[in-house]
Amino acid sequence: MEKKRMSRRHFLGRSVAGVTGLAATRAPLVWSAPPDSPNDRIQVGIIGVGARVQSASGLLEAVQAVPAVEVVGVCDAYRGRVERAIARTQGNARDYGDCVRMLADPAIDAVIISTPDHLHRILAVQALSAGKDVYLEKPMTWAIEDGPPMVAAAQKHGRLLQIGSQGMSSKTQETARERIRSGGLGQVTLIRATYNRNTRSGAWLYPIPPDATEKTVDWEAFLGPAPKRPFSLERFFRWRCYWDYSGGIATDLFVHLLTTIHFLMDARMPSRVVATGQNYRYKQTHEVPDTVNALLEYPEGFAVNLSSTFNNEAASDSGFEILGTEGAVIFRGGQLVVKPESPVEGNDWVVSSWPEQLERAYFEDPKVRAAERPGSWDPRMLRESEAFSEQGRGSTAVHMARFFDSVRARKPTVQDGATGHRAAAAAHMINESIRRGRMVEWDASAGAIRKVA
Ligand SMILES: NC(=O)c1ccc[n+]([C@@H]2O[C@H](COP(=O)([O-])OP(=O)(O)OC[C@H]3O[C@@H](n4cnc5c(N)ncnc54)[C@H](O)[C@@H]3O)[C@@H](O)[C@H]2O)c1
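These numbers come from a predicted model, not from an experiment. (Residues numbered from 1 in each chain as written. Predicted model: local features only at pLDDT ≥ 70, side-chain atom pairs only at ≥ 80, totals over all residues. Heavy atoms only, no water.)

Quick look at the packing of helix H6 (residues 120-129) against helix H7 (residues 147-157) now. Where H6 meets H7, the axes come as close as 9 Å, and the angle between the chain directions of the two elements is 5°. The pairing of H6 with H7 is recorded here as roughly parallel in orientation. Facing His120, Arg121, Ala124, Val125, Leu128 and Ser129 of H6, the residues of H7 in contact are Pro149, Met150, Ala153, Ala154 and His157. (Axes fitted to C-alpha atoms, helices over the stretch in contact; angles between N-to-C directions. Helix = DSSP H or I, 4+ residues; strand = E, 2+ residues; numbered from the N terminus. Parallel < 35°, antiparallel > 145°, perpendicular 65-115°, else oblique. Contact = heavy atoms within 4.5 Å.)

Another point: the site of the ligand. The environment of the ligand is made up of 28 residues, and the closest members are Arg52, Asp76, Asp117, Gln166 and Trp239. Between the ligand and Asp117 there is a distance of 2.9 Å, counted from an oxygen atom to a side-chain nitrogen or oxygen. Within the backbone of Lys138, one N or O atom sits 2.9 Å away from an oxygen atom of the ligand. Of all the secondary-structure elements, those providing two or more residues to the shell around the ligand are helix H2 (51-54), helix H9 (219-223) and helix H11 (248-265). Residue composition of the shell around the ligand, by class: 12 nonpolar, 8 polar and 8 charged. (Near = heavy atom within 4 Å. Polar contact = N/O pair within 3.5 Å; in protein donor to acceptor, adjacent residues only side chain to side chain. Nonpolar A, V, L, I, M, F, W, Y, C, P; charged D, E, K, R; others polar.)

Turning next to a nonpolar patch on the surface. Taken together, the side chains of Trp349, Val350, Trp354 and Leu358 make up a nonpolar region of the molecular surface, amounting to roughly 460 Å² of accessible area. The class of Val350 is partly exposed, set by a relative accessible area of 36%. (Patch = residues over 30% accessible without salt bridge, like charges linked within 9 Å, V, L, I, M, F, W, Y side chains within 5 Å. Areas by Shrake-Rupley, 256 points an atom, 1.4 Å probe, with all protein chains shown as cover. Salt bridge = Lys/Arg side-chain N within 4 Å of Asp/Glu carboxyl O. Buried < 20%, exposed > 50% of the residue type's maximum accessible area, 1.4 Å probe, protein only.)

With that settled, the discussion passes to helix H15 (residues 395-409). If you check H15, its first and last C-alpha atoms are 21 Å apart, about what 15 residues at 1.5 Å a residue would give, namely 21 Å. The buried fraction of H15 is high, at 12 of 15 residues. A positive backbone phi angle near 50° is found at Arg410, which sits one or two residues after H15. (Expected span 1.5 Å × (residues − 1).)

The subject of this paragraph is H6. Think of an α-helix as 3.6 residues a turn; residues three or four steps apart then line up on the same face. Buried residues of H6: His120, Leu123, Ala124, Ala127 and Leu128, and no others. Each buried residue of H6 sits inside an arc of 125° when the element is viewed along its axis, so together they form one side. On the buried face of H6, the contacting elements are strand E1 (42-47), helix H5 (99-104), strand E4 (110-113), strand E5 (133-137), H7 and strand E6 (161-164). Remark: Gly131 follows H6 within two positions and exhibits a positive phi of approximately 85°. (Arc of directions from axis to C-beta.)

Here we take up the side chain of Thr172. With respect to the secondary-structure elements, Thr172 resides in helix H8 (residues 171-181). The buried category is assigned to Thr172, whose relative accessible area is 5%. Residues in contact with Thr172, not counting those within four places in the same chain, are Phe331, Leu336, Phe388, Ser389 and Glu390.

Within the structure shown, the criterion is met by 26 salt bridges. A salt bridge links Arg159 to Asp133; its shortest N-O distance comes to 3.6 Å. Here Arg159 is found in the loop between H7 and E6, whereas its partner Asp133 is found in strand E5, with 26 residues between them in sequence. With respect to burial, Arg159 and Asp133 carry one shared label: buried. Across the pair Glu386 and Arg179 runs a salt bridge whose closest N-O atoms are separated by 3.0 Å. Separated by 207 residues along the polypeptide, Glu386 in strand E14 (residues 386-389) and Arg179 in helix H8 bring together distant segments of the chain. The partly exposed category is assigned to Glu386, whose relative accessible area is 28%. Connected via shared salt-bridge partners are Arg229, Arg235, Asp244 and Glu287.

This paragraph deals with the environment of Gln335. Assignment of secondary structure puts Gln335 in strand E13 (residues 335-340). Separated by 16 residues in sequence, Gln335 and Gly319 have C-alpha atoms that sit 9.3 Å apart. With near-sequence residues (within four places) excluded, Gln335 lies in contact with Ile330, Ala387, Phe388 and Ser389.

A few words on the environment of Arg88. Assignment of secondary structure puts Arg88 in helix H4 (residues 79-88). Setting aside residues no more than four positions away along its own chain, Arg88 makes contact with Gln54, Leu60 and Gln64.

As a further point, take the confidence of the model for the protein. Averaged over the protein, the pLDDT score is 89; the fraction of residues at 70 or greater is 89%. With pLDDT under 50 throughout, residues 1-38 is counted as low confidence; its partners more than four residues away or in other chains account for 77 contacts. (pLDDT = per-residue confidence, 0-100.)

Another point: the packing of H8 against H11. In contact at an axis separation of 8 Å, H8 and H11 are set at 40° when each is read in the N-to-C sense. One element, H8, and the other, H11, form an angle in the oblique class. By crossing handedness, the relation of H8 to H11 is classed as right-handed. From H8, Gln173, Ala176, Arg177 and Ile180 reach across to H11, where they touch Thr260, Phe263, Leu264 and Met265. (Left-handed = near helix turned anticlockwise from the far one by under 90°.)

Across a regular strand the side chains alternate sides, sitting on one face of the sheet and then on the other. For strand E8 (residues 272-278) and strand E9 (residues 291-298), the ladder comprises 7 bridges, and the chain directions are antiparallel. Paired with Arg272 across the bridge in E9 is Glu297. As paired strands, E9 and strand E10 (residues 302-309) are joined by 8 bridges and run antiparallel to one another. Across the sheet, the residue bridging to Leu296 is Val304, located in E10. (Pairing = 2+ DSSP bridges.)

We now examine the packing of aromatic side chains. On inspection of all chains with the given rule, the structure shows 14 aromatic pairs. On the basis of an interplanar angle of 5° and a centroid distance of 4.8 Å, the ring pair of Tyr298 and Phe302 is categorised as stacked. There is no split in this pair, since Tyr298 and Phe302 are both buried. Grouping aromatic residues by their ring pairs yields a cluster made of Tyr78, Trp219, Phe222, Phe231, Phe236, Phe237, Tyr242 and Tyr245. The ring centre of Tyr96 lies 4.0 Å from the NZ or CZ of Arg94, which sits over that ring. Taking NZ or CZ as reference, Arg435 lies 4.7 Å from the ring centre of Trp243, over its face. (Phe/Tyr/Trp six-rings, centres within 6.5 Å; stacked < 30°, edge-to-face > 60°. Lys NZ or Arg CZ within 6 Å of the ring centre and 35° of its normal.)

Written as structure tokens, this is what we have:
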């Protein structure tokens, strides 16, 4: 048994230094090795076993579906969730009490971190420094400054970091990416994306379990690096409504759309962002806005228009439209449609105001006649609409399985720290523009929002 443990630890301990480094850093080669034996099990601990972990199709289900991976421990700041999570592992996982004890246990190979956002940096850095591979829920960061130390910790300790924006592991996004990369859309200049909701009680005002008290909730552990405040079950269970723990719509919802856009377009960071955000409806309960509109310009040559409201979802709940000169990729209502454009000249309404003779001569010109007709297709261009729906395993299950593929093969993760940092940083630019009431620019050399005089 000890021999097996040693050998698994030895395998998992091999260097992956640099695999999560920012692109500008020269990464040492990854030494990859097959597992010691097909039965070699990876032992996992979960820090924060809340709704994302325990809900249907959530992280627990996803990790339990990965062969030869075992959830052996959990920790959480609310006792009720620990008990429920242990029950969901049929008693196989144990309660570590707090994450320091879990991270000190050499039997734990990898951890899943799914706490409120303000704890992501501190927990991920501690876990990576303790030699664990880390699957960290999105958004990777609560603030832009959180990102670089997390990437550096993965690199320094030779550990893998994967961020949990599962959309990029979906078939539909893979298909959209293929269509864009094949050139079928022509030149993409505008992307529109939305993330809308409307619920009776109000977005993020989740019910509070009746047994939650100062005895069953570890308030200090929840606060972590956040400002000290009196015990509040509202803050603890509805943390997304407060700036101390969340970035609201931009970091909670737009970060999914931004990750998708970066992935589909091979984009890195917007150069300029301007946004507005207001709390029109939930003034008593939410510090963060319930309606956000943002415009982002990318140096790769396209613009993005993001919008979200918590006050209506009838017209468009969530999705995106990628608009190219020769076609569009439209993802709405769970369905992806790839749609060709039929660009025709359409100048007749202007030319009809010319002297009659000139109008006639204009339309007799063979070049004009050709341009007025659709159909001179480049073979790469789309001919007809195609529709795709997600099939097979859910994207969370695939994303999780891909993390453990990386852990076993010691190969880079599909969404590494640098990628997660950039998607979250773009979301933070949106909030910064809202706060400053003006456009903000990305200073690529400083890796920060440009300071204004
Ligand atoms: N990828 C997705 O689609 C998706 C969906 C939902 C949530 N999320 C992300 O997952 C994370 C968790 O969200 P959630 O909805 O599950 O929130 P949640 O409040 O339901 O769960 C968070 C859990 O963390 C626990 N916690 C707080 N402080 C802790 C500490 N110091 N140590 C250990 N546990 C602690 C809380 O008690 C709670 O059980 C967030 O970062 C969120 O953005 C991602």
